[in-house]
Amino acid sequence: MTATSAPSGGGPLGTVKKIFFPVAPAYLLMIIPAILLFTFFIIYPAIQGMFYSFTNFVGYGTFHSIGFANYKAAFSDPTIRDSYGFTLLFAVVACIVTNVVALALAIALNSKIKWRSGLRTIFFMPMVLSGLIVSYIFTFIISTSVPIISAAIHFAPLESNILANQHLAWLGVVFVASWVAIPGAIIIFLAGLTGIPTEVYEAASIDGATAWTKFRHVTFPLLFSFLVINTILSFKNFLNVYDIVVGLTGGGPGTATTSVAQTIFSGFFNGDYAYQMANAVIFFLITLLFAVFQLSVIRRRGGGL
Amino acid sequence: MATEVSTAPVVAGPPIRTRRPRPVPEGGRINWGLTIIVAIVSLIVIIPLYFAIAMALKSPAQTGTGTGFNFPWPIQWGNFRAAWDLTDTPLAFSMSLLITLLAVAGEILVSSLAAWAIVRNWGHWQFRATFGYLMIALFIPFPVVALPQVKLMASIGLDNPFGVAILHILFNLAFNVLLFSAFIRGIPVELEESARLDGCTTWQTFRKIVLPLLAPISATVGIFAFLQSWNDFMMPQLITANPKFQTLPVVQYLFQDQFTTNINVAFASYLMALLPTLVVFLIAQRWVVSGIMRGSIK
């Protein structure tokens, strides 16, 4: 790594001073405020939350330790279990939809088509829009416009509002979440595609490769690391889904599309504070598990993304 | 045409491909079949946006009937005025702007300083440890700490837009330090050393030599910060106690009940909240796109 250019200014060097002030004070001033703020605003509440999860704290008043009771209760709570079921199913499906569609669109937007930059602009737009507001717009389209149009063309599956259907509402959430997430994924795939030299394709053409063989044996392998990045980024976001559910279904019908984030936030009400903290700790461990898994995948692939 | 929009900013930006006069790459024939397919697929993006605009320009009588896709006639510009007054748009707009500006400036400043100090003192274990410590945040999404954090912010009087901005800065600190430090490792130390020989202090070296060199990656961080902070719903909704100080997205949420009776006003309000990021995107598309590319590839 770059050699330390620690300038003079250490002053009298006691051992203690050496440990805590090994470099010019200016460097410490650059980093200590960040450390303190980070510790106070993020690490401290995180530890506090973990502590509360072992108590019967309701958000105010006195409390005492109750061991793992909150965790036990959380594991057998159907509301919490269902929220994990929905969130994981949603995250996996939305992740697949986003990546498949984005890959196809990125390849199309990278090929020799007319109005290429204009079309790119159009496809990128959803990325900058607020997920909540986009959801409000789609709520109206899906619940009012789509059924009328479907009825007119006798397309039975969409004649009723799918957002009001307990078994189908999650598909609406997948659609809108993917609509918002796809542009970001397209951009990352495009970054990968522009890195593939055209000579590779020319060579493949000379060897008589069809479009599919080119994709299968040239594009896909060379884009694989970008697929990994996209999967990690989108999956992480989808696990924390909140705005889109709030805007689209409010978690309903019933609790059919209630996400984990929403369940945790319900801890602000009805005295579930410590109980939902236990849920939050469980959620943290699950996210951590995925993160470790993702990191190991990146490492195994050489890390040189 | 949209083609012109994307090529409009010709200011000296980051060196991405300059695709000026011809939108079609040199050589080869245009694939018209694919063009038509892509154009048709693009309707998935265009139709909802058209829908939102059409709804925002309709009269209440017109919004109540049909699919909502019919052309608005006569055009009701008054909807925007009504939405503006109903939701107190100027106030919500200022709150969004305040949080976004603080977050953009704060994220660039705090994380570039921290990253520079870390990279230039990588030989000291204290700085390596700090780097590792800050990276913890990559694994803590907001919902995990929300409950105690909301209480904390309220207890120290930061249950307001300032608190939201502070949290935006700190939650993104890990990722931003990662971006900045990867970039700083590519800057030759010699530049800084010669500045020091000329008598620059550490701070002056940072301000005069390092910060200008960081411009491209600062733009990336700033763009991410702008989009995230402007569109964030979760944090302001939970952190800000007083509904008067809420941001644009949260205001849309708070007014849902009053919106159900006048959909046209609701859509006018949605459009006004969506417009700023859309305009910024259309003006600065190439920076946004190259910023995301740079951010993802690190």
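Residues numbered from 1 in each chain as written. Chains lettered and ligands numbered in written order. Predicted model: local features only at pLDDT ≥ 70, side-chain atom pairs only at ≥ 80, totals over all residues. Heavy atoms only, no water.

Helix and strand counts for chain B come out as 18 helices and zero strands. Relative to its full complement of 298 residues, chain B shows a buried share of 53%. Residue pairs at least 24 apart in sequence account for 71% of intrachain contacts in chain B once pairs closer than 6 positions are excluded. Total accessible area on chain B is roughly 13000 Å²; 70% of this is exposed by carbon and sulfur atoms. (Helix = DSSP H or I, 4+ residues; strand = E, 2+ residues; numbered from the N terminus. Buried < 20%, exposed > 50% of the residue type's maximum accessible area, 1.4 Å probe, protein only. Contact = heavy atoms within 4.5 Å. Areas by Shrake-Rupley, 256 points an atom, 1.4 Å probe, with all protein chains shown as cover.)

With that settled, the discussion passes to the confidence of the model for chain B. Residues and elements named next belong to chain B. Within chain B, residue pLDDT values average 85, and 90% of them lie at 70 or more. Mean pLDDT across the elements of chain B ranges from a minimum in helix α1 (residues 2-7), with 36, to a maximum in helix α9 (residues 161-171), with 95. Confidence drops under pLDDT 50 across residues 1-25; counting only partners more than four residues distant or on other chains, this segment forms 35 contacts. With a pTM of 0.86, the predicted complex shows an ipTM of 0.85. (pLDDT = per-residue confidence, 0-100.)

The interface is formed by 98 residues belonging to chain A together with 107 residues belonging to chain B. The largest share of the area that chain A buries against chain B comes from M30, F41 and K112 of chain A, three residues that together contribute 8% of it. At the junction of chain A and chain B, the tally comes to zero salt bridges. Seen at the junction of chain A and chain B, the total is twelve residue pairs in polar contact (both at pLDDT 80 or more). Looking at the side of chain A that touches chain B residue by residue, the class counts come to 73 nonpolar, 18 polar and seven charged. (Buried area = accessible area lost by both parts, 1.4 Å probe. Salt bridge = Lys/Arg side-chain N within 4 Å of Asp/Glu carboxyl O. Polar contact = N/O pair within 3.5 Å; in protein donor to acceptor, adjacent residues only side chain to side chain. Nonpolar A, V, L, I, M, F, W, Y, C, P; charged D, E, K, R; others polar.)

Turning next to the nonpolar core. With 173 residues, the main nonpolar core has F90, I137, I186 and F265 of chain A together with F142, V177 and F267 of chain B as its most contacted residues. Here this core gets 16 residues from one element, more than from any other, and that element is helix α7 (residues 169-194) of chain A. Ignoring sequence-local partners within four residues, the contact set of I137 of chain A consists of P48, F51, A52, F267, Y270 and L274 of chain B. (Core = buried A, V, L, I, M, F, W, Y, C linked by side-chain atoms within 4.5 Å.)

Another aspect to go through is the confidence of the model for chain A. All names here are of chain A. In the predicted model, chain A carries a mean pLDDT of 86, and the fraction of residues at 70 or more is 91%. Averaged over each element, pLDDT in chain A is lowest for helix α1 (residues 15-20) (61) and highest for helix α4 (residues 78-110) (94). Segment residues 1-11: pLDDT under 50, and 21 contacts once partners within four positions in sequence are set aside and those in other chains are kept.

Two numbers describe a pair of aromatic rings. These are the distance of the centres and the angle of the planes. Summed over all chains, the structure comprises 40 aromatic pairs over all chains. The interplanar angle of 80° and the centroid separation of 5.8 Å between the aromatic rings of F140 of chain A and F267 of chain B together place this pair among those described as edge-to-face. Pair noted here: F140 of chain A is in helix α6 (residues 131-152) and F267 of chain B is in helix α17 (residues 263-283), and the two residues belong to different chains. Each member of the pair, F140 of chain A together with F267 of chain B, is buried. By the ring-pair criterion, three or more aromatic residues cluster together here, those being Y242 and F265 of chain A together with F142, F171, F233 and Y253 of chain B. Looking at K151 of chain B, its charged tip hangs above the ring of Y273 of chain A, at a distance of 5.2 Å from the centre. For R185 of chain B, the ring lying beneath its charged end belongs to W122 of chain B, and the centroid distance is 4.8 Å. (Phe/Tyr/Trp six-rings, centres within 6.5 Å; stacked < 30°, edge-to-face > 60°. Lys NZ or Arg CZ within 6 Å of the ring centre and 35° of its normal.)

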